[in-house]
Amino acid sequence: MASQREGAPGNPGVPALELRSIGKSFGNVRALTNVSLSAYPGEIHAIVGDNGAGKSTTMKVMCGIHRGDSGEMLVGGNPIVMHDPSEAQRHGIAVVHQDLALVECLDIATNMSLGAIPRRGRFFLDRPRMEREAAKVLDDLRIRVGSVRTQIGLLSGGERQIVAVARAVRLNLPIMLLDEPTAALGVRETAHVGNILRDLRARGKTILCISHDFDFVFRHADRITVMRLGNSIATRRVAETTRDEIVGLITGAIKGAASEPEPLS
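Anyway, here's the lowdown on the structure attached to this text. Everything numeric in this text was worked out from a predicted model, so none of it was measured.

## Quick look at the overall build of the protein chain
- The helix and strand inventory of the protein chain stands at seven helices and twelve strands.
- Relative to a compact globule of 265 residues, whose C-alpha radius of gyration would be 18 Å, the protein chain shows 18 Å and is just as compact.
- When the backbone C-alpha atoms are referred to their principal axes, the protein chain occupies close to 55 × 40 × 40 Å.
- For the protein chain, buried positions account for 52% of its 265 residues.
- Sequence separation of 24 or more characterises 66% of the internal contacts of the protein chain that already satisfy a separation of 6 or more.
- For the protein chain, the exposed surface amounts to about 12500 Å²; the carbon and sulfur share of it is 50%.
- For the protein chain, the centre of its 33 positive side-chain charges and the centre of its 29 negative side-chain charges are spaced 4 Å apart.

Given below as structure tokens:
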């Protein structure tokens, strides 16, 4: 397991991303009541829970799609407020959504550059640079999906998922959020995504990952936060818990601890 003893740059021990008592309602529906978690540099932090537990809403708060009605979000120990998703990158957050947000009629290189398209001057797309950068990221990640000029619509579901992960990696931001990154993947592709995340962790990145895949979580995550009915009810170190305990926390058969364990030094 990678060490997680470092905090934010220049501020040891401080989480890279932290939620404190986040609440969120949509009309009369209370989606989140009290969500708190801390994720550190050099850590893969999984978020698990049953359908309707509030995982995706929590992810959308972390990336600026939704704004919490109560509580606060901190990056590197500093409180932030995001008014829309375009601000996430400015705060060092890259996102891989469950729906991937890829444009099927555009090719791999263009999809990987969306949001950060290289230009020559103010108005002209630098197509050669875009293709070079996309090819280098895919090569560095040992991803084989054919030419970067291949249209996304011609790729399999698993290949699209891998491209979406590669696009987030290309941004080279300190924090990455992933919503069900292995949902459309086979065994080999799932292992590949796991290896990518482990490489990012070794480089000091902070990875937060929503997943129903317990095999993936227990193989790659360092800590797990369990959500239930709009609350974060417990955080456990993977090395100090079992699948039975996590399932019990998800179903309510086991009550969660009030405090969150710090990362191992």
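What follows picks up the thread again.
## Looking at the nonpolar core
- In terms of nonpolar packing, the biggest core is built from 48 residues, with Ile224 and Ile246 touching the most fellow members.
- Residue contributions to this core peak at seven residues, all from helix 4 (residues 157–170).
- Beyond its immediate chain neighbours, meaning those up to four positions away, Ile224 contacts His45, Ala46, Val48, Val217, Phe218, Ala234, Thr235, Arg236, Val238 and Ile246.
- Counting residues in each nonpolar core, the second largest holds 26 residues, with Met59, Cys63, Ile80 and Ile210 among its members.

Rules used throughout
Along every chain, residues carry numbers that run from 1 in the direction the sequence is written. Predicted model: local features are reported for residues with pLDDT of at least 70 only, side-chain atom pairs are reported and counted for 80 or more only, and whole-chain, interface and lining totals are derived from all residues. The side-chain figures draw on all heavy atoms in the structure; neither hydrogens nor water molecules are used. Under the DSSP-based scheme used, a helix requires at least four consecutive residues in state H or I and a strand at least two consecutive residues in state E, with every element numbered from the N terminus. Put simply, the radius of gyration uses C-alpha atoms, and a globule should come to 2.2 Å times the residue count raised to 0.38. Here's how the labels work: a residue is buried when its accessible area is under 20% of the maximum for its type, exposed when over 50%, partly exposed in between, all with a 1.4 Å probe on protein chains only. Here a residue-residue contact requires only that any non-hydrogen atoms of the pair lie within 4.5 Å. Residue burial considers only the protein chains on display, and all accessible areas are found by Shrake-Rupley using a 1.4 Å probe. His is not counted, nor are the chain ends, whereas Lys and Arg count as positive and Asp and Glu as negative. The atom standing in for a charge is NZ when the residue is Lys, CZ when it is Arg, CG when it is Asp and CD when it is Glu. Nonpolar core, defined: a set of buried Ala, Val, Leu, Ile, Met, Phe, Trp, Tyr and Cys residues in which side-chain atoms within 4.5 Å join the residues together.

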